[in-house]
Amino acid sequence: MLDGRAAVRRRINARLWLSGGWLALLAIVALLAPWLAPKDPLAQDLFAARLPPFWMAGAEPGFWLGTDSLGRDVLSRIMHGARIALAVALVAGIATCLIGSALGLVAGFMRGWADRIISRLVDIWMAFPPVLFAILLIAVLGTGLHSIIIAIVVIDWTRFCRVVRAEALNQSAMDYVASAKVAGRTRLSIMVREILPNVLPTIVALVTLEMGIAVIVEAILSFVNLSISTDAPTWGGMIAEGRISIHQAWWVLVFPLVTLFLTVLSFSQFGEGLKDHFDPVLR
Amino acid sequence: MSAFLEIEGLSAVLAGTGARLLRSVSLAVDTGEVRGLVGESGAGKSMIGKAVLGILPKAVRVAEGAIRLDGHDLLAMRPADRRRLIGSVAALIPQDPLTALNPSKRIGPQITDRLVDILGWGKADAQARALELLGEVHIEDPERVIGRYPHELSGGMRQRILIASAFAAEPRLIIADEPTTALDVTVQKQILKLIGEMQAHHGTALVFVTHDLGVVSKVCQSLSVLYAGKVVEDARVADFFAAPRHAYSRALLAATPKYTDPAASLQPVDPSVIEAVTAEVAVADREWIHGR
Amino acid sequence: MLSGSLSVLLLRIVLGRLATMAITLFGVAVIVFVVIRVVPGNPVAMMLPPGATEADIARLNALYGLDKSIPEQFVIWLGGVVQGDFGTSISTRQPVLDLVLGRLPATLELSIFALVLAVIIGGVMALTGTRFRGTRTEGAVDVANGVGLSVPDFLWGLVFILLFGVLWPIFHISGRISPALDLPFVTQFYVFESIVRLRFDLWWDLLTHMFMPALALAIPLAAIISQLLKQSLKETMHLDYVVLARTKGYGENRVIVGEALRNAVLPTLTLIGVQFTFLIGGTVIIERLFSYEGLGNMAIDAVINRDLPLIQGIVIVFALIFTVVNLIVDMLYAVLNPRLRHA
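Just so it is clear, the structure is predicted and the values come from calculations on it, not from any experiment. (Residues numbered from 1 in each chain as written. Chains lettered and ligands numbered in written order. Predicted model: local features only at pLDDT ≥ 70, side-chain atom pairs only at ≥ 80, totals over all residues.)

Engineer: Any details on the overall build of chain B? Residues and values, ideally.
Structural biologist: Looking only at helices and strands, chain B has 11 helices and 10 strands in total. Taking 19 Å as the expected radius of gyration for a compact globule of 292 residues, we find that chain B reaches 20 Å, a close match to that expectation. By principal-axis analysis of the C-alpha atoms, chain B measures approximately 60 × 50 × 40 Å. Out of the 292 residues belonging to chain B, those deemed buried represent 42%. Long-range contacts, defined as pairs at least 24 residues apart, comprise 68% of the intrachain contacts of chain B with a sequence gap of at least 6. (Helix = DSSP H or I, 4+ residues; strand = E, 2+ residues; numbered from the N terminus. Rg over C-alpha atoms; globule rule 2.2 N^0.38 Å. Buried ≥ 20, exposed ≤ 12 C-beta atoms within 10 Å, placed from the backbone. Contact = placed C-beta atoms within 7 Å.)

Engineer: Quick rundown of the overall build of chain C? Include the residues and the values.
Structural biologist: The number of helices and strands found in chain C is 14 helices and 0 strands. Counting from the amino terminus, helix and strand elements in chain C follow one another as α-α-α-α-α-α-α-α-α-α-α-α-α-α. Overall size of chain C, expressed as C-alpha extent along the three principal axes, is 85 × 55 × 40 Å. Out of the 343 residues belonging to chain C, those deemed buried represent 42%. Pairs at least 24 residues apart make up 75% of the contacts formed inside chain C by residues separated by at least 6 positions.

Engineer: Requested: an account of the packing of helix α4 (residues 130-141) of chain A against helix α12 (residues 295-304) of chain C, with residues and values cited.
Structural biologist: The contact between α4 of chain A and α12 of chain C brings their axes to 10 Å, and the two run at 10°. In terms of orientation, α4 of chain A lies roughly parallel with respect to α12 of chain C. Between α4 of chain A and α12 of chain C, the residues in contact are Leu132, Ile135, Leu136 and Ala139 of chain A and Gly296, Ala299, Ile300 and Val303 of chain C, respectively. Split into classes, the residues belonging to the contact of α4 of chain A with α12 of chain C amount to 7 nonpolar, 1 polar and no charged. (Axes fitted to C-alpha atoms, helices over the stretch in contact; angles between N-to-C directions. Parallel < 35°, antiparallel > 145°, perpendicular 65-115°, else oblique. Nonpolar A, V, L, I, M, F, W, Y, C, P; charged D, E, K, R; others polar.)

Engineer: Let's hear about the sheet that holds strand β10 (residues 230-236) of chain B: which residues, and what values?
Structural biologist: Residue and element names in this part refer to chain B. As summarised here, the arrangement of the 6 strands in space is β6-β7-β8-β3-β9-β10, forming an open sheet in which the pairing is mixed. Of all the strands in the sheet, the pair left with one neighbour each is β6 (90-93) and β10. Strand-to-strand twist across the sheet, computed as the mean angle between neighbouring axes with direction ignored, equals 15°. Examined bridge by bridge, β6 and strand β7 (residues 173-177) share 4 bridges and lie parallel to one another. By the bridge assignment for β7, isoleucine 93 is matched with alanine 176. (Pairing = 2+ DSSP bridges.)

Engineer: Hey, could you go over the packing of helix α9 (residues 250-277) of chain A against helix α7 (residues 153-167) of chain C for me, with residue numbers and the actual values?
Structural biologist: Between α9 of chain A and α7 of chain C, the least distance of the axes is 10 Å, while the angle of their chain directions is 140°. Classed by the angle they form, the pair α9 of chain A and α7 of chain C counts as oblique. Remark: the crossing between α9 of chain A and α7 of chain C carries left-handed chirality. Between α9 of chain A, through Trp250, Leu253, Val254, Leu257, Leu260, Phe261 and Val264 of chain A, and α7 of chain C, the contact on the second element is made entirely by Leu155, Leu158, Leu162 and Val166 of chain C. (Left-handed = near helix turned anticlockwise from the far one by under 90°.)

Engineer: I'd like a rundown of the sheet that holds strand β1 (residues 5-14) of chain B, residues and numbers included.
Structural biologist: Residue and element names in this part refer to chain B. Read across the open sheet, the 4 strands follow the order β2-β1-β4-β5; overall the sheet is antiparallel. What marks the edges here is a single partner per strand, and that holds for β2 (20-29) and β5 (72-73). Bridge count for strand β4 (residues 60-69) against β5 is 2 bridges, and the pairing is antiparallel. Across the sheet, residue arginine 68 finds its bridge partner in β5, namely aspartate 73. Each of β1, β2 and β4 touches helix α1 (residues 45-53); the most contacted strand, β1, lies at about 110° to it.

Engineer: So, the interface of chain A and chain C: which residues are in play, and what are the values?
Structural biologist: Of the residues lining the interface, 29 residues belong to chain A; the matching set on chain C comes to 34 residues. Among the elements of the structure, α3 (112-126), α4, α7 (187-223) and α9 of chain A are those that each provide at least two residues to the side of chain A that touches chain C. A total of 10 residues in the side of chain A that touches chain C trace back to one element, the largest contributor, which is α9 of chain A. Considered class by class, the residues forming the side of chain A that touches chain C number 24 nonpolar, 3 polar and 2 charged.

Engineer: Give me the lowdown on the domain arrangement of chain C, citing residues and values where you can.
Structural biologist: All names here are of chain C. Parsing chain C into structural domains produces domain 1 (1-91 + 306-343) and domain 2 (98-304). Contacts between the two partners involve 16 residues from domain 1, matched on the other side by 16 residues from domain 2. Looking at the side of domain 1 that touches domain 2 residue by residue, the class counts come to 11 nonpolar, 4 polar and 1 charged. (Domains from an automatic or database assignment.)

Engineer: Residue-level account of helix α10 (residues 247-254) of chain B, with values.
Structural biologist: When we look at burial in α10 of chain B, the residues that qualify are Tyr248, Ser249, Ala251 and Leu252 of chain B. For α10 of chain B, the angular spread of buried residues about the axis comes to 160°, placing them on one side. (Arc of directions from axis to C-beta.)

Engineer: Describe the environment of cysteine 220 of chain B, naming the residues involved and giving the relevant values.
Structural biologist: All names here are of chain B. Following the sequence through the fold, cysteine 220 ends up in the loop between α8 (213-219) and β9 (222-227). According to the C-beta neighbour criterion, cysteine 220 is buried, with 24 such atoms within 10 Å. C-alpha of cysteine 220 to C-alpha of threonine 31: the two residues are 189 residues apart in sequence and 14 Å apart in space. With sequence-adjacent residues up to four places away left out, cysteine 220 is seen in contact with Val34, Arg35, Gly36, Phe208 and Val237.

Engineer: Break down the nonpolar core for me, citing the residues and quoting the values.
Structural biologist: Ile135 of chain A together with Ala218 and Ile314 of chain C are the most contacted members of the largest nonpolar core, which has 252 residues in total. With residues near it in sequence (within four places) discarded, alanine 218 of chain C still touches Ala114, Leu117, Ala118 and Ile121 of chain C. (Core = buried A, V, L, I, M, F, W, Y, C linked by C-beta atoms within 7 Å.)

Engineer: Explain helix α2 (residues 74-110) of chain A to me, and be specific about the residues and the numbers.
Structural biologist: Compared with the 54 Å implied by 1.5 Å per residue over 37 residues, the 52 Å span of α2 of chain A between its first and last C-alpha is a close match. Of all 37 residues in α2 of chain A, 27 are buried; the element is thus mostly enclosed. (Expected span 1.5 Å × (residues − 1).)

Engineer: Go over the pairing of strand β3 (residues 34-38) of chain B with me, naming the residues and quoting the values.
Structural biologist: Residue and element names in this part refer to chain B. Counting buried residues along β3, 5 of its 5 residues qualify, which places the element largely inside the surrounding structure. Side chains Val34, Gly36 and Val38 project from β3 onto one buried face, and the interleaved Arg35 and Leu37 project onto a second face that is buried too. Bridge count for β3 against strand β8 (residues 205-210) is 5 bridges, and the pairing is parallel. Following the sheet pairing, leucine 37 is matched in β8 by valine 209. Taken together, the 4 bridges between β3 and β9 define a ladder with parallel strand orientation. Residue pairing for β9: arginine 35 is matched across the bridge by serine 222.

Engineer: Kindly report on the confidence of the model for chain C, identifying the contributing residues and their values.
Structural biologist: All names here are of chain C. On average, residues of chain C carry a pLDDT of 88, and 94% of them reach 70 or more. Summarising per-element confidence for chain C, the mean pLDDT is lowest in helix α2 (residues 43-47) (67) and highest in helix α5 (residues 96-131) (95). In the model output, the complex is listed with pTM 0.88 alongside ipTM 0.88. (pLDDT = per-residue confidence, 0-100.)

Engineer: Report on the environment of valine 119 of chain C, specifying residues and quantitative values.
Structural biologist: Along the polypeptide, valine 119 of chain C turns up in helix α5. Separated by 103 residues in sequence, valine 119 of chain C and alanine 222 of chain C have C-alpha atoms that sit 6.2 Å apart.

Engineer: Pulling in residues and values, what's your account of the pairing of β1 of chain B?
Structural biologist: Residue and element names in this part refer to chain B. Where β1 lies against β2, 6 bridges are found, and the strand directions are antiparallel. Across the sheet, the residue bridging to isoleucine 7 is leucine 27, located in β2. Here β1 folds back onto β2, and the loop between the two strands holds 5 residues, one of which, glycine 16, carries a positive phi near 95°. Across 8 bridges, β1 lies against β4 in antiparallel orientation. Across the sheet, isoleucine 7 pairs through a bridge with isoleucine 67, a residue of β4.

Engineer: Requested: an account of unusual backbone geometry, with residues and values cited.
Structural biologist: Even without being a glycine, glutamate 178 of chain B presents a positive backbone phi close to 45°. Here glutamate 178 of chain B lies in the loop between β7 and α7 (185-202). Taking the number of C-beta atoms within 10 Å as the measure of exposure, glutamate 178 of chain B has 21 and is therefore buried. At leucine 198 of chain C, a position not held by glycine, the phi torsion is positive, near 60°. Tracing the chain through its elements places leucine 198 of chain C in the loop between α8 (190-196) and α9 (200-236).

Okay, here's the thing in structure tokens:
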């Protein structure tokens, strides 16, 4: 039994290092993109259109991962795209978490009419197809980074709200909450000082998951041409372009897709790994 | 002629730690014999039954010894053959009737499933057999009961059904694993009486696992007393209650309430007896490790 | 099988849900209605040729009721909906209900096909993981579940396009059916109708179009089913009645399928309900990705064209499907759980 637990811990650690490593690499690239990127991500050169990646015949030096149909450097665009992706992930992830968790905490701990209203809102939100809702919101708010972030928060707060509400309900039923009440503490103090710390590990795992989802939502909106501007280097925009020229230049689709895939996978695995890492039963 | 069930030098260890749960257990059960397996909780008495039926937990491994059922060496058989043999000649009456019936299946099929699936009976014959068995275990209105789900019946009824199910294929050995422990006291007596009645009627060999010597005195012909996975005494019931040989047996007997004089005779087990028997087990362990 | 008490129970579930369903749908309607009317830019102006006068715009506005206040518009719209009139599409000038009903079957067929795939894939993985628990095989199932859960349908769709559309082109990557085929269909349920008509050539063509989008939608759900069901199965395998079944002579496979599976499915079932609505929500982008002519693809066009009545109609239909799916799952749970049935 003991060696079984050691194996589980090794697996958790491997997962944390691999996913954390990729995210750290991405963060460095995003921060230093203007210096690291070999080319200007916006520079078009129709004479250098659809150049293949470096190992294939016909490749041009300097364009490591080839160029798209307008002759823009794929590698440089991926690197600059990381800035937008990570900015959306961080801001939208944290904002969604704060709003959703606060509502969930209030609903789960206060109960009564607050819970009834919040739960009803969650029910209504769950009846919307999320992608359609996001597209609708962007149509209303106009394209741009702000709109994307607002749209993600408006759509996805329910994810935190549902989970945190359920956890808060569980915690509220426990004896330590009852004794805090007997001790005459205010409800706000109990909620923030007693319940919140116990719900925190769940929230942390959800936040990284949400960051991955935010990256995807941004990519989807770019894909349907509603993200920032058609020119800006976004992974979703690159994928949309690659989808069209897939038979002529597969690399325009493959490289941003692989990047997006690894990033989304890493966000969720990092969150799961963190949760297990802090899980007292497995430790 | 050799006994129907023979266990020889059976040792079981907990995988990983290597701790011994059964220490060279030997015992035999003849056709039609009722043998009690007595001991405190954790003494390994249920483990023996599980080893015979092939349902040891994954973490427990048989380290050495042999189990012979109807002349077949169980541990040497291919798993699929062993399962078939056990399913057709042996059966289990489990401890807790509340959890031992499948909640999503009707009663009838649960009594006769092995007849249909393993022994190839037809559905109509199986149903007739289920009704007959329900009658034998004194359940009223069997036609109604076979269509019921377990949660609609009381604990006592469910234990009767499990007994009927155990006897369904006319097994030659039944292992009753503390079959009355989970029941109300009033129901316990009825179930005990029923098991005795069914055993006598079918002439089945019965291994009765219990911590209650009082039950053994009423149901069994012979018994094995276990301490820490080791058989410390093997005797005829009459001889045992007249004059237990092992000090631990005597202490156990003294700690069992007598129906004639419940309160007066109760004696807690003397610590020195436990020390002595623990030392005995330790010696056996040393010999065992040395011998390997 | 439907005993009297069961129909009573199902009726009770339906009646109990009707009120909340109505409130939810009303809430959805209000939100959509308000949100899309905050849209800057006049949808009607886009339909007119350049050089149209203010008077032309005002006339069209009046025609679509857009000159009234938002609450007034809502009441008029709701009054129509109650009578089955969802208004007229601005961009195509056809009744919204006809447009929606014309596309809905394509989306339903895709979603149900995806659900079937998810149940098969998830079920097989859970059973395999349980059968070989504690071995490398179970480890592989766990890793597959982890990846399947982390990566959303949109990315799976792109991966499949690359793998099976380009690298090894065995499936179609766009559309619902090959345009060259002569279609005898009278309904929009093409897959269903091709079976009824015994036209298996058409059926196969539809399936090869649906396979990749359906698989992309199915993978996240399959991973959830696999994970939950395996966990539930492993817990069930320790229960007394399963152990008792082993003594009856049953082998491992029969014990898992015959004794444990049915009881392990129940806790998984309630969660599949919500997850299936997520799957249906995913059709919006997946249909776009594969140019599949369903409701979701039409919805994106409707948003881009600012076709307010059409957007409203589509969102309401999606919300209706979601609430009905949840209702069906509740009813299914009651049918499968003997404890509820005979309570």
